[in-house]
Amino acid sequence: MSEPLFEVTDLQVSFRGRSGPVNAVNGLSYTVMPGQVLGVVGESGSGKSVSSMGLLGLIRDRGATVTGSARFQGRELIGMPDRELRSVRGREIAMVFQDPMTSLTPVYTVGWHIAEQIRAHESISKKAARHRAIELLAEVGIPDPARRVDAYPHEFSGGMRQRAVIAMALACDPALLIADEPTTALDVTTQAQILDLMLRLRETHGSSIMVITHDMGVVSEIADRVLVMYGGRAVEAGTCREVFHTPHHPYTRGLLASVPRIGGEKLHRLPTIPGAPIASSERPTGCAFAPRCAERHDACTMQPLLTGDGHLSACWLTAPEVPA
Ligand SMILES: Nc1ncnc2c1ncn2[C@@H]1O[C@H](COP(=O)(O)OP(=O)(O)OP(=O)(O)O)[C@@H](O)[C@H]1O
Ligand SMILES: [Mg+2]
């Protein structure tokens, strides 16, 4: 078995709250293997974005602390000096966000953005970078790329902008692409095209992909492995098949309860689970899902660990030993 490309262990992200630190991510561990697509799913506020932003040094809040370990190709990202981390970001790990305008400046052309991205990491001439930008736009399916390279972001549709941002992300052939809700703002057809595009790029560039989403449909279409997050922790992890066919955690079962059968209507949003997602500052000491869980029992006042053989779950119902 090959080495993991990316190995996150006991990641903690906390912010300064009014009455002490607030843990947004609380001991998150996962691995991404080379060429693998990991889907990270969970309700709003479960810590999906903050966890990846934290380990890439993208949280600007000065009161935020990030601890734990994030080993990428054998190098530790947590505590890495800013300069070095900046060079990893973009060159080896690229990010795509829900709103493509996060990555695009309105006053520069699309081609300028892609060329700049290339030139920030490679010493090639402006002309060669422009040429490469045109090639990348063609690769992500922008029609007439030699002309479109000079267009401004506002002249692109939302789907085209997301393609352009993916072209930017691919400009440096990243080993890992982290896409945070890359298709949420897009219509269903464009969403399917963007997912297809990401999967094709995995084939051509060999990149691993981490897709963060609250859309189970997206996960089922694209992921090899799934990580389910609740309250800043992983509550279940396994192959797409394991998690979708034999979900272990009541939270995952709740998420999947109304997923229609194959051939039925496709699910585009997480179904509603009774109760509200828990705020980071109000988590109980035991299992964070317990207050909403129909299957809670006495043991749930203690925090269950993520255990299992490949298919992992953090629940006393599936734990090998339940404390007396
Ligand atoms: N700068 C901040 N200061 C304080 N708390 C924050 C800050 N940024 C995020 N949080 C908290 O961290 C928790 C996790 O937020 P995060 O953005 O990771 O959620 P998410 O799972 O990505 O949700 P969504 O699906 O809505 O994008 C939330 O409770 C949020 O309120
Ligand atoms: Mg988010």
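Given the structure is predicted, the values throughout are model-derived calculations rather than measurements.

Calculation rules
Residues numbered from 1 in each chain as written. Chains lettered and ligands numbered in written order. Predicted model: local features only at pLDDT ≥ 70, side-chain atom pairs only at ≥ 80, totals over all residues. Heavy atoms only, no water. Helix = DSSP H or I, 4+ residues; strand = E, 2+ residues; numbered from the N terminus. Rg over C-alpha atoms; globule rule 2.2 N^0.38 Å. Contact = heavy atoms within 4.5 Å. Lys, Arg positive; Asp, Glu negative; His and termini not counted. Charge placed at Lys NZ, Arg CZ, Asp CG, Glu CD. Expected span 1.5 Å × (residues − 1). Buried < 20%, exposed > 50% of the residue type's maximum accessible area, 1.4 Å probe, protein only. Arc of directions from axis to C-beta. Phe/Tyr/Trp six-rings, centres within 6.5 Å; stacked < 30°, edge-to-face > 60°. Pairing = 2+ DSSP bridges. Axes fitted to C-alpha atoms, helices over the stretch in contact; angles between N-to-C directions. Parallel < 35°, antiparallel > 145°, perpendicular 65-115°, else oblique. Left-handed = near helix turned anticlockwise from the far one by under 90°. Nonpolar A, V, L, I, M, F, W, Y, C, P; charged D, E, K, R; others polar. Domains from an automatic or database assignment. Buried area = accessible area lost by both parts, 1.4 Å probe. Salt bridge = Lys/Arg side-chain N within 4 Å of Asp/Glu carboxyl O. Polar contact = N/O pair within 3.5 Å; in protein donor to acceptor, adjacent residues only side chain to side chain. Core = buried A, V, L, I, M, F, W, Y, C linked by side-chain atoms within 4.5 Å.

Participant: Would you mind showing me how to read the overall build of the chain here?
Facilitator: A tally of helices and strands in the chain yields 10 helices and 11 strands. Expected size for 324 residues packed as a compact globule is a radius of gyration near 20 Å; at 20 Å, the chain falls within 12% of this value. Principal axes of the C-alpha set define a box for the chain whose edges measure 70 × 50 × 45 Å. Nonlocal contacts in the chain, meaning residues at least 24 apart in sequence, comprise 64% of its contacts between residues at least 6 apart. When the 32 positive and 34 negative side-chain charges of the chain are each reduced to one mean point, those points stand 6 Å apart.

Participant: Honestly, helix α4 (residues 126–139) in this entry has me stumped. Any pointers?
Facilitator: Each α-helix winds once per 3.6 residues, and so residues spaced three or four apart point in a common direction. Given a rise of 1.5 Å per residue, 14 residues ought to cover 20 Å, and the 20 Å separating the end C-alpha atoms of α4 matches this to within 8%. The complete set of buried residues in α4 reads A129, A133, I134, L136 and L137. Angularly, the buried residues of α4 cover 165 degrees about the axis, an arc narrow enough to put them on a single face. Facing away from the buried surface of α4 by more than 90 degrees, the exposed residues are K127 and H131. The inward-facing, buried residues of α4 abut α3 (110–121), α5 (145–148) and α6 (158–170). Backbone geometry just downstream of α4 places G141 in the positive-phi region, at approximately 85 degrees.

Participant: Any chance you could explain the packing of aromatic side chains here in plain terms?
Facilitator: How two aromatic rings sit relative to each other is given by the distance of their centres and the angle of their planes. Enumeration over the complete set of coordinates arrives at six aromatic pairs. Here the aromatic rings of F6 and F72 are separated by 6.0 Å at their centres, their planes lie at 75 degrees, and the arrangement is edge-to-face. Note that F6 is positioned in strand β1 (residues 6–17) and F72 in strand β4 (residues 65–72), a separation of 66 residues in sequence. Note on accessibility: F6 and F72 belong to one class, buried.

Participant: Just checking my understanding: could you explain the pairing of strand β2 (residues 20–32) for this structure?
Facilitator: The side chains of a regular strand alternate, first on one face of the sheet and then on the other. By the bridge criterion, 10 bridges tie β1 to β2 in an arrangement that is antiparallel. Bridge pairing in β2 places L11 opposite L28. Here β1 hands over to β2 after two residues, the two strands then running antiparallel side by side.

Participant: I would appreciate a short explanation of the packing of α6 against helix α7 (residues 188–205) in the present structure.
Facilitator: Axes are the key here: two packed helices are described by the angle between their axes and the distance separating the axes. Across the interface, α6 lies against α7 with an axial gap of 11 Å and an inter-helix angle of 15 degrees. Classed by the angle they form, the pair α6 and α7 counts as roughly parallel. Seen from above, α6 lies across α7 with right-handed handedness. Residues G159, Q162, R163, I166 and L170 of α6 lie in contact with α7, whose contacting residues are T190, Q193, I194, L197, M198, L201 and H205. Taken together, the residues that form the contact of α6 with α7 break down as six nonpolar, five polar and one charged.

Participant: Help me understand the sheet that holds β2 in this model?
Facilitator: In a beta sheet, neighbouring strands pair by backbone hydrogen bonds and run either parallel or antiparallel. Pairing is antiparallel across the open sheet formed by four strands, whose spatial order is β2-β1-β4-β5. Taken across any chain shown, the strands that pair with only one partner, and hence form the sheet edges, are β2 and β5 (75–76). Along the sheet, helix α1 (residues 48–55) contacts β1, β2 and β4; its crossing angle with β1, the most-contacted strand, is approximately 105 degrees.

Participant: How do you make sense of the domain arrangement of the chain when you look at a structure like this?
Facilitator: Accessible area lost during the coming together of the parts is what is often quoted as the interface size. Looking at the chain, the domain boundaries give domain 1 (35–58 + 85–92 + 176–313) and domain 2 (100–173). Each partner contributes to the interface: domain 1 provides 17 residues, whereas domain 2 provides 13 residues. Regarding the contact of domain 1 and domain 2, the summed buried area is about 1300 Å², with carbon and sulfur atoms giving 60% of it. In this assembly, domain 1 and domain 2 are joined by zero salt bridges. In this assembly, domain 1 and domain 2 are joined by five residue pairs in polar contact (both at pLDDT 80 or more). Breaking the side of domain 1 that touches domain 2 down by element, the ones donating at least two residues are α2 (82–91) and α7. Among the elements that make up the side of domain 1 that touches domain 2, the one with the highest residue count is α7 (nine residues). Class assignment for the residues of the side of domain 1 that touches domain 2 results in seven nonpolar, six polar and four charged.

Participant: Sorry if this is basic, but what is going on with the sheet that holds strand β9 (residues 225–230) here?
Facilitator: A sheet is described by the order of its strands in space; here seven strands give the open sequence β6-β7-β8-β3-β9-β10-β11, paired in mixed fashion. For this open sheet the edge positions go to β6 (93–96) and β11 (312–313), each flanked by a neighbour on one side alone. Pairing geometry for strand β10 (residues 233–239) and β11, over two bridges, is antiparallel. Bridge pairing in β11 links E236 to S313. Its contacts with the sheet put α1 on β3 (37–41), β6, β7 (176–180), β8 (208–213) and β9, and the angle it makes with β8 is roughly 140 degrees.

Participant: How should I be thinking about the nonpolar core in this particular structure?
Facilitator: Taken as a class, soluble globular proteins show a tendency for nonpolar side chains to be buried jointly. Membership of the largest hydrophobic core comes to 38 residues, with the highest contact counts inside it found for I114, L137, I166 and M198. Built from parts of two domains, this core gets at least three residues from each of domain 1 (35–58 + 85–92 + 176–313) and domain 2 (100–173). What I166 contacts, discounting residues up to four positions off in sequence, is V96, V140, I194, L197, M198 and L201. Counting residues in each nonpolar core, the second largest holds 34 residues, with L55, F72, I78 and M210 among its members.

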